[in-house]
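So you can see what is in the structure, the chains are spelled out below.
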Amino acid sequence: MRGSGAREEEPTTRELWEKITSFEEGQARLWHIGTIRFWIRRVTEEWFIAFEETGEYRAHPAAGEEREPPPELKWNRYVAGKTAKIIVHPVLPDRPIVIKPTSPVKILPDRGSRYFIHVPVWISIMEGSSKNPLLLQEHPGDFLSSTWFGDPDDGELCFSFTSDLYKNPAEREDLPLMAVCPLNIRNGFTSILDFQRICVRVPHLQLYSGPRYLCTNEVELIYRGAGQQSHITFRESAPTIEPDLKRIALPRIPVNRNIIKKSFEYIKSLSLY
Amino acid sequence: MKTILGNIEFGNIFTPAFLFGALRAVIILVVGFFLVRLIAFLVRRVFTHNLTEQSRMMLNKSIIYIGGILVVIAVLSDLGLKLSALLGAAGVVGIAVGIASQTSLGNIISGLFLVSEKTFEIGDVVTVGSKTGIVYSIDLLSIKLRTFDNLLIRIPNQTIISSELTNITRFPIRRMDFNIGVAYKEDLQRVRETLLAIAHENPLCLEEPEPLLVFNGFGNSSIDILLGIWFEKSNYLAVKNSVIMTIKERFDSLGIEIPFPHVTLYAGSATEPFPVRQVDAAPAKKTPKKDGAAG
């Protein structure tokens, strides 16, 4: 948990992510955000990038410190242009995320509530200026296991993540590799909504950066009955989590404001042998 | 021969009108086939975005075959041949050919049923009888499979219609079953927890649907367990290798025994059993010879 005392020394979320880092020939720099550590080196118009999972959480993120990398790293090599600038940016994962609430929630008919969930973000490394960046590499900020949402013949491949449904985003520590997603869930059916898994289609979401949080635009889910598809609305504007939010990533897959897809599920056993 | 050729006046045959007609027929043929190809290309580019690879190929071939026939008819008509007589002759020939090629016709009709059933399409991995491979092409008379060791197998459509076919990659996720045996002395609760932990820790195994674990029964030399792991179909080999390796490593580290049947060989009913000697035992003491052979 990052205490309020430590906050003065740390870069804010915005300072951490919205920085363009210049490189000199042969120079190597280190980033250490959460448990992920990566080096970037510039050599004769080529970029060398190496990621490492440290397993230890670093409370004070390092963002582009000049540091000599260890020799045993496995580098990815990119032939690039003359631009010796790098932008390290958060992006949302490329698949929907199935959130498993730590305690199942029941919502009465015609009732609803606003919750906040935490969505792990990926690290995106781009070359160039903020106006015309070129993607070099994306890397998950945390290991996410894969899961299947829906029927075995027509469901979809998703990431799985266990998160509580918070009533206030400040209830949870503000980790640097998590984005807060506001969810408005409404039971539009005549019986109780009792779900164990909820599918959040993050490739359709925008990402915002504020002084304290990374967050997504607001999602409204209306439950229409067991096995039925839910009505999903993506709000166009920035969420009302904190002031001065700035959009930093467009949706990976743009969609209309409203879509209809299955979003709630009970855990089913397919072990019929 | 010389007399016959001598009677033919080539000047009468290759008249300017004949040459002009022949040139026109060649132009119709070339332009016609070019147009057919162009139409097929445009249809493929513009109208087939929502079709499967198999339907695209069928549509393309239909346009080329039908267009080709129309071009040939146009050329023959332009050359002044009476098409009614030709079609009549073609009908008679068709009946004769039809009787002689019942198998081929059967294959063509079977092919139509196969396409309409949509049991598989190009790129699917299927098993027909003992043959497994990727569907390489679906043609008028047969389907062609490319096996994993890069061989081409041609299977007549009639064979496929009348035999059992398994489409391995029809659905996006699959379950892989592992049959594992553990010794009777093992703690089954610990074995169960270990196997489920292996499934959950493997990044290629899906969390949902949940892994299946069944104690199948008391075998000859082990308690037989079935572990079923769900995975995305493209990860088949990676899942198989990683799970088997992890099970072996984890069982070894936890001391869980995987028993295997032992077989003793006899070289025939009249012979003695193979002698068994313990090689790592302490060497036996030499017994002194009784009668002092050194003499």
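Bear in mind the structure is a predicted one, so any value in this text is a computation, not a measurement.

On to the overall build of chain A. A tally of helices and strands in chain A yields 2 helices and 22 strands. When the 273 residues of chain A are sorted by exposure, 52% land in the buried category.

Taken residue by residue, the interface counts 16 residues in chain A and 16 residues in chain B. For the chain A and chain B pair, buried surface summed over both sides reaches about 1500 Å², with 60% attributable to carbon and sulfur atoms. The interface formed by chain A and chain B contains 1 salt bridge. A salt bridge links Lys100 of chain A to Glu207 of chain B, with the shortest nitrogen-to-oxygen separation between them at 2.6 Å. In this structure, the connection of chain A to chain B is made through 6 residue pairs in polar contact (both at pLDDT 80 or more). Counting only elements with at least two residues in the side of chain A that touches chain B, the list comes to strand 11 (145-149) and strand 12 (156-163) of chain A. Class assignment for the residues of the side of chain A that touches chain B results in 7 nonpolar, 5 polar and 4 charged.

Membership of the largest hydrophobic core comes to 55 residues, with the highest contact counts inside it found for Trp31, Phe38, Ile40, Ile86, Ile123, Ile125 and Ile185 of chain A. Taken domain by domain, the makeup of this core includes at least three residues from each of domain 1 (6-90) and domain 2 (92-120 + 143-270) of chain A. Not counting chain neighbours up to four residues away, the residues in contact with Phe38 of chain A comprise Arg29, Leu30, Trp31, Ile33, Ala50, Phe51, Val88, Ile123 and Ile125 of chain A. Counting 21 residues, the second largest nonpolar core, distinct from the first, contains Ile180, Val191, Leu195 and Ile223 of chain B.

Residue and element names in this part refer to chain A. Structurally, Ser113 is set in strand 8 (residues 112-120). At 2.4 Å, the side chain of Ser113 forms a polar contact with the side chain of Lys167. Beyond its immediate sequence surroundings of up to four residues, Ser113 is in contact with Lys167, Leu183, Asn184 and Ile185.

All names here are of chain A. With antiparallel pairing, 4 strands are arranged side by side in an open sheet as 1-5-9-10. Pairing within the sheet leaves two strands with one partner each, and these edge strands are strand 1 (20-22) and strand 10 (134-140). When the angles between neighbouring strand axes are averaged without regard to direction, this sheet yields 25 degrees. Both strand 9 (residues 122-127) and strand 10 contribute to a ladder of 6 bridges, which runs antiparallel.

All names here are of chain B. Side-chain alternation along strand 1 (residues 125-128) places Val125 and Thr127 on one buried face and Val126 and Val128 on a second face that is also buried. Where strand 1 and strand 2 (residues 131-138) come together, 4 bridges link them in antiparallel fashion. Across the sheet, the residue bridging to Val126 is Gly133, located in strand 2. In this structure, the hairpin formed by strand 1 and strand 2 is closed by a connection of 2 residues, where Gly129 is found at a positive phi of approximately 60 degrees. By the bridge criterion, 3 bridges tie strand 1 to strand 5 (residues 165-167) in an arrangement that is antiparallel.

Our focus in this paragraph is the pattern of salt bridges. Throughout the structure, instances matching the rule amount to 20 salt bridges over all chains. A salt bridge links Arg186 of chain A to Asp110 of chain A; the shortest N-O distance between them is 3.7 Å. One end of the pair, Arg186 of chain A, is in strand 13 (residues 178-187); the other, Asp110 of chain A, is in the loop between strand 7 (105-107) and strand 8, and 76 residues separate them in sequence. The structure contains a network of salt bridges with shared partners spanning Lys61, Asp139 and Lys144 of chain B.

Turning to the packing of aromatic side chains, a few remarks are in order. Two descriptors summarise a pair of aromatic rings, namely the distance from one centre to the other and the angle between the planes of the rings. Summed over the entire model, instances satisfying the criterion amount to 9 aromatic pairs over all chains. Ring centres of Phe38 of chain A and Phe51 of chain A lie 4.8 Å apart, and the angle between their planes is 25 degrees; on these two criteria the pair is classed as stacked. Of this pair, Phe38 of chain A sits in strand 2 (residues 28-43) while Phe51 of chain A sits in strand 3 (residues 46-66), and the two are 13 residues apart along the sequence. Ring centres of Tyr184 of chain B and Phe218 of chain B lie 6.1 Å apart, and the angle between their planes is 20 degrees; this geometry places the pair in the stacked category. Here Tyr184 of chain B, found in the loop between strand 6 (173-182) and helix 8 (188-201), pairs with Phe218 of chain B, found in strand 7 (residues 212-218); they are 34 residues apart in sequence, far enough to count as distant.

Okay, the side chain of Lys144 of chain B next. Residue and element names in this part refer to chain B. Following the sequence through the fold, Lys144 ends up in strand 3 (residues 142-146). Using a relative accessible area of 18% as the deciding quantity, one classes Lys144 as buried. Ignoring any residue separated from it by four or fewer positions in sequence, one finds Lys144 in contact with Ile134, Val135, Tyr136, Ser137, Asp139, Leu152, Ile153 and Arg154.

Residues and elements named next belong to chain B. With respect to the secondary-structure elements, Ile64 resides in helix 4 (residues 53-78). Put simply, Ile64 and Leu86 are 22 residues apart on the chain and 22 Å apart in space, counted from C-alpha to C-alpha. When sequence neighbours within four positions are dropped, the list of residues in contact with Ile64 reads Val36, Arg37 and Ala40.

To continue, consider helix 8 of chain B. All names here are of chain B. Helix length check: helix 8 (14 residues) gives 20 Å between terminal C-alpha atoms against 20 Å at 1.5 Å per residue, within 8%. Those residues of helix 8 that sit buried are Val191, Thr194, Leu195, Leu196, Ile198 and Ala199. Where helix 8 begins, the capping side chain belongs to Asp187, and its oxygen is found 3.1 Å from the backbone nitrogen of Gln189.

About the cut-offs
Residues numbered from 1 in each chain as written. Chains lettered and ligands numbered in written order. Predicted model: local features only at pLDDT ≥ 70, side-chain atom pairs only at ≥ 80, totals over all residues. Heavy atoms only, no water. Helix = DSSP H or I, 4+ residues; strand = E, 2+ residues; numbered from the N terminus. Buried < 20%, exposed > 50% of the residue type's maximum accessible area, 1.4 Å probe, protein only. Contact = heavy atoms within 4.5 Å. Buried area = accessible area lost by both parts, 1.4 Å probe. Salt bridge = Lys/Arg side-chain N within 4 Å of Asp/Glu carboxyl O. Polar contact = N/O pair within 3.5 Å; in protein donor to acceptor, adjacent residues only side chain to side chain. Nonpolar A, V, L, I, M, F, W, Y, C, P; charged D, E, K, R; others polar. Core = buried A, V, L, I, M, F, W, Y, C linked by side-chain atoms within 4.5 Å. Domains from an automatic or database assignment. Pairing = 2+ DSSP bridges. Axes fitted to C-alpha atoms, helices over the stretch in contact; angles between N-to-C directions. Phe/Tyr/Trp six-rings, centres within 6.5 Å; stacked < 30°, edge-to-face > 60°. Expected span 1.5 Å × (residues − 1).

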